[in-house]
Every structure is written in structure tokens, then in C-alpha cells.
Amino acid sequence: MSSPLFIASTLNAKVVKKRSTLFDDAYEFPTHLLPEKMADDSKIPLVVVACGSYSPITYLHLRMFDMAKDHFNERDEYELLTGYYSPVSDAYMKEGLTPGKHRVNMCQLAVDSTSDWLMVDSWESRQHSYQRTAVVLDHFDYQLNQIRRGIKTQTGEYKKIRIMLLAGGDLISSFGHPSVWSSNDLHHIVGLYGCVIVERTGTDVYGFLLSHDILYQHRMNVIVIKQLIHNDISSTKIRLFVKRGMSIKYLLPDPVIDYIHKHGLYLTTDA
Ligand SMILES: Nc1ncnc2c1ncn2[C@@H]1O[C@H](COP(=O)(O)OP(=O)(O)OP(=O)(O)O)[C@@H](O)[C@H]1O
Ligand SMILES: NC(=O)c1ccc[n+]([C@@H]2O[C@H](COP(=O)(O)O)[C@@H](O)[C@H]2O)c1
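Residues numbered from 1 in each chain as written. Chains lettered and ligands numbered in written order. Predicted model: local features only at pLDDT ≥ 70, side-chain atom pairs only at ≥ 80, totals over all residues. Heavy atoms only, no water.

Helix and strand counts for the chain stand at 11 helices and eight strands. Referenced to the eigenvectors of the C-alpha coordinate spread, the extents of the chain come out at roughly 55 × 40 × 40 Å. A separation threshold of at least 6 residues defines the contact pool for the chain, and within that pool the share at least 24 residues apart is 80%. A total accessible area of about 13,100 Å² is found for the chain, and carbon and sulfur atoms account for 52% of it. (Helix = DSSP H or I, 4+ residues; strand = E, 2+ residues; numbered from the N terminus. Contact = heavy atoms within 4.5 Å. Areas by Shrake-Rupley, 256 points an atom, 1.4 Å probe, with all protein chains shown as cover.)

Below, the discussion takes up the packing of aromatic side chains. One pair of aromatic rings is described through two measures. These are the centre distance and the angle between the planes. Summed over the entire model, instances satisfying the criterion amount to nine aromatic pairs. On the numbers, 5.8 Å between centres and 70° between planes, the contact of Phe 29 with Phe 140 is edge-to-face. One end of the pair, Phe 29, is in the loop between α1 (4–11) and β1 (44–52); the other, Phe 140, is in helix α5 (residues 133–147), and 111 residues separate them in sequence. What makes Phe 29 buried here is its relative accessible area of 10%. Taking the centre distance of 5.2 Å and the plane angle of 20° together, the rings of Tyr 92 and Tyr 130 count as stacked. (Phe/Tyr/Trp six-rings, centres within 6.5 Å; stacked < 30°, edge-to-face > 60°. Buried < 20%, exposed > 50% of the residue type's maximum accessible area, 1.4 Å probe, protein only.)

The subject of this paragraph is the side chain of Thr 58. Tracing the sequence through the fold places Thr 58 in the loop between β1 and α2 (59–73). One polar contact links the side chain of Thr 58 to the main-chain amide nitrogen of Leu 60, over a distance of 3.1 Å. Those residues in contact with Thr 58, other than ones at most four positions away along the chain, are Ile 233, Ser 235, Ile 238, Leu 251 and Leu 252. (Polar contact = N/O pair within 3.5 Å; in protein donor to acceptor, adjacent residues only side chain to side chain.)

The next thing to look at is the environment of Leu 46. Relative to the elements of secondary structure, Leu 46 occurs in strand β1. Looking at Leu 46, the relative accessible area reads 0%, which means it is buried. Excluding residues within four positions of it along the chain, Leu 46 makes contact with Phe 72, Tyr 78, Glu 79, Leu 80, Leu 81, Thr 82, Ile 161, Arg 162 and Met 164.

It is at 9 Å that the axes of α5 and helix α7 (residues 183–193) come closest, and there the two elements cross at 35°. Here the hand of the crossing between α5 and α7 comes out left-handed. Contacts between α5 and α7 involve Thr 133, Ala 134, Leu 137, Asp 138 and Asp 141 on the former and, on the latter, Asp 185, His 188, Ile 189 and Tyr 193. Across the contact of α5 with α7, the residue classes break down as four nonpolar, two polar and three charged. (Axes fitted to C-alpha atoms, helices over the stretch in contact; angles between N-to-C directions. Left-handed = near helix turned anticlockwise from the far one by under 90°. Nonpolar A, V, L, I, M, F, W, Y, C, P; charged D, E, K, R; others polar.)

With that out of the way, let us pick up the UniProt feature "domain: Cytidyltransferase-like" (unreviewed entry) in the chain. When the UniProt feature table is mapped onto this chain, "domain: Cytidyltransferase-like" (unreviewed entry) is found at residues 49–239. Taken end to end, residues 49–239 has its terminal C-alpha atoms 24 Å apart, with 43% of it in helix and 19% in strand. (UniProt positions renumbered as here; feature names shortened; annotations may be inferred.)

Once that is clear, we can look at the packing of helix α3 (residues 100–114) against helix α11 (residues 254–262). For the pair α3 and α11, interaxial distance at closest approach is 8 Å and the crossing angle is 155°. Between α3 and α11, the angle is such that the two are roughly antiparallel. When you trace α3 past α11, the crossing you get is right-handed. Residue-level contacts link Lys 101, His 102, Asn 105, Met 106, Leu 109, Ala 110 and Ser 113 of α3 to Pro 255, Val 256, Tyr 259 and Ile 260 of α11. When its residues are assigned to classes, the contact of α3 with α11 shows seven nonpolar, three polar and one charged. (Parallel < 35°, antiparallel > 145°, perpendicular 65-115°, else oblique.)

Along the chain, Ser 55 connects to Pro 56 via a cis peptide bond; the corresponding omega equals 0°. Locating Pro 56 in the fold gives a position in the loop between β1 and α2. Positive phi is not limited to glycine here, since Tyr 266 has a value of about 65°.

What follows deals with the nonpolar core. Within the largest apolar cluster, 41 residues are counted, with the highest numbers of intra-cluster contacts made by Ile 57, Tyr 85, Leu 166, Val 196 and Ile 260. Sequence-distant contacts of Tyr 85, that is, excluding residues within four places in its chain, are made with Ala 50, Tyr 54, Ile 57, His 61, Leu 62, Phe 65, Val 111, Leu 118, Met 119, Val 120 and Asp 121. Core analysis: the second largest hydrophobic core is formed by 37 residues, Val 49, Phe 140, Ile 163 and Val 180 among them. (Core = buried A, V, L, I, M, F, W, Y, C linked by side-chain atoms within 4.5 Å.)

Spacing of three or four residues puts side chains on the same side of an α-helix, whose turn is 3.6 residues. Within helix α10 (residues 235–243), the full set of buried residues consists of Ser 235, Ile 238, Arg 239 and Val 242. For α10, the angular spread of the buried residues around the axis is 100°, confining them to a single face. Where the residues of α10 are buried, they touch α2 and α11. After α10 finishes, the residue Gly 245 shows a positive phi value of roughly 75°. (Arc of directions from axis to C-beta.)

Note: strands within a sheet are paired through backbone hydrogen bonds, in either parallel or antiparallel orientation. Pairing is parallel in the open sheet, where six strands are placed in the order β3-β2-β1-β6-β7-β8. Only two strands of the sheet have a single partner each, and these edge strands are β3 (118–120) and β8 (222–225). The mean inter-strand angle of the sheet, taken between neighbouring strand axes irrespective of direction, is 25°. In the sheet, strand β7 (residues 195–198) pairs with β8 via four bridges, with the strands oriented parallel. Within the sheet, the bridge partner assigned to Ile 197 lies in β8 and is Val 224. Lying on the sheet, α3 is in contact with β2 (78–87) and β3; it crosses β3 at an angle near 165°. (Pairing = 2+ DSSP bridges.)

Shown next, in the form of C-alpha cells:
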């Protein structure tokens, strides 16, 4: 979890090239797990996008999506089509951020080995300048609703896909820092798109929703999901365990653990 002071320095960041993020392949927006058609035309088609560092991805980050899935399955309003991880670019310059190429590869190994409905989009990671979350959500809207025209219904028409940000309670609490999130961006993210928030130990999401004017204004677009089994696996601690030569088994998928060891990631403090 980042300190607001750190995040503040990123809000106005333009181009910060820490190191080259060289991807071996050309960019393509992933759609292989996006259904061809809606199963139930009476629902609102939904895609959730989780922005974050993922340095490295853990079982907690994977659980967040399944908690969201259970939530939407129990209700009739939305048809959850798929979920995307969008790892932040190296320009975010957060401590412990290993190069984007590795973070994308680890997310890909994690979804390939554990999920049949999650995808990883590398667009944000490939950017040489920091992209605000509002801009990242616009990128998904462009790819899904402009390029693909949304999703086909059973009757062959196209329906616009609703896009929502999936995040932990700590991220939403950082919304209260005006130097970190601009009001315009918050209206854009919460008003235009919407947020699915997974409660995080130590953050009072409901209290925050009540106290924050913009969130309160758009409260109908904020869905809070209770963590019925508390899980506080943190990427920071995983990095520390690796550095100290401790086991990280059962905290993240085995293929991700193998990747970390094979590439010698997180052995030093600068990742
Ligand atoms: N224990 C947790 N409970 C709920 N959400 C979490 C938890 N840990 C991380 N998240 C959420 O996962 C998303 C991605 O997290 P990110 O990798 O940026 O941070 P992190 O897991 O806190 O990592 P770090 O320890 O490197 O700060 C964010 O939306 C964050 O709020
Ligand atoms: N103004 C913004 O758009 C803004 C501010 C802070 C964090 N974020 C995003 O939140 C995500 C998580 O950040 P932390 O890992 O720092 O908690 C990242 O994807 C980051 O890009 C966006």
C-alpha cells in the first residue's frame, strides 16, 4: 500500500523513464476470454478492471476478482463478462516496482494457471509516461465500446459494456487526497464508470464513502464487497520474504514463484 505522499508525486508526472520497458511482442488488446454474446440480454454487460502495481501479483489480487464475481452472480443487474489486470507503468516509480514486462508476465502466468475468465492488458505497462486511472479506464472503453462496439446480444444487436474499476479499500481511501486524485478524475472514474471496492482490513470504506463529497454524490456507482475471509497478503511482504530467502509458497501461484526465482527478482531493495 502506498503512502499518499508518494502517490501525490505521480499525479502531475509527465514522462518519467526510469528504465526501458522493452516488451518482446507488439501490443494487442486481449479479448480471447471475452464471450461472443451475452447470456442474458436483460442484464447490463460488465467488465471490471483492476489497476495496480502487481509487484508481484498474489492470491489476494486473484481473490478480489472472484469476490466480485460472487457478488454479481448473486444479483440480477449485471452480467460480468470478464476482468482485466492493468499493471501500472514503470514511470509510476513506486518502491519495489520491478519492470513492467516482468509484472505483466507474472500476471499472465497467474491467470493462465488459475483462471478461465481473467485477462491481462499490457497497454498501461507499455506507456513511457504515467497514465492516470481515469485515462486507463478510457482506454478500456475505447477498446471495448468503440473498436468492438460493445457486446452482441442474443438478438444480434450490440450493447455498450459497462466498465468499472475494481480496487481495495486502501485505494478508495486515497481518493480523499486532492493532490493524489483530481476532482475531475474522481467524477470521471466514479461518476462515469463506477467502482467495485473490496474491503481491506484497517480501512473504513463505508465511513469514507459517507464523508467524501464526490463519492457520496456518486454513491449509487460504488459497490462495496465484504471480505468474508480476511486476506491481507501484501506484495511488499512477498518482496521482503524473497529478499530474506524465506518461502513464499501458498501466497502466490507456483508458476509466479518459479518466475521470480528464475529471473532473480526482488533480491535487492530496488527490485
Ligand atoms: N489486502 C488487501 N485487501 C484488499 N485489497 C487489496 C489488498 N492488497 C491489495 N489490494 C488491492 O489490490 C490492488 C492492487 O494492489 P497493488 O499491487 O497496487 O498494491 P499492494 O498489493 O498494496 O502492493 P504493495 O504492497 O506493493 O503496495 C489495489 O486496488 C489494492 O487496493
Ligand atoms: N490520480 C490517479 O489516477 C491515481 C492516483 C494514485 C494511484 N492511482 C493508481 O492506483 C493504483 C494503485 O496504486 P498503489 O499501488 O500506489 O496503491 C495504480 O494503478 C495507480 O496508477 C491512480
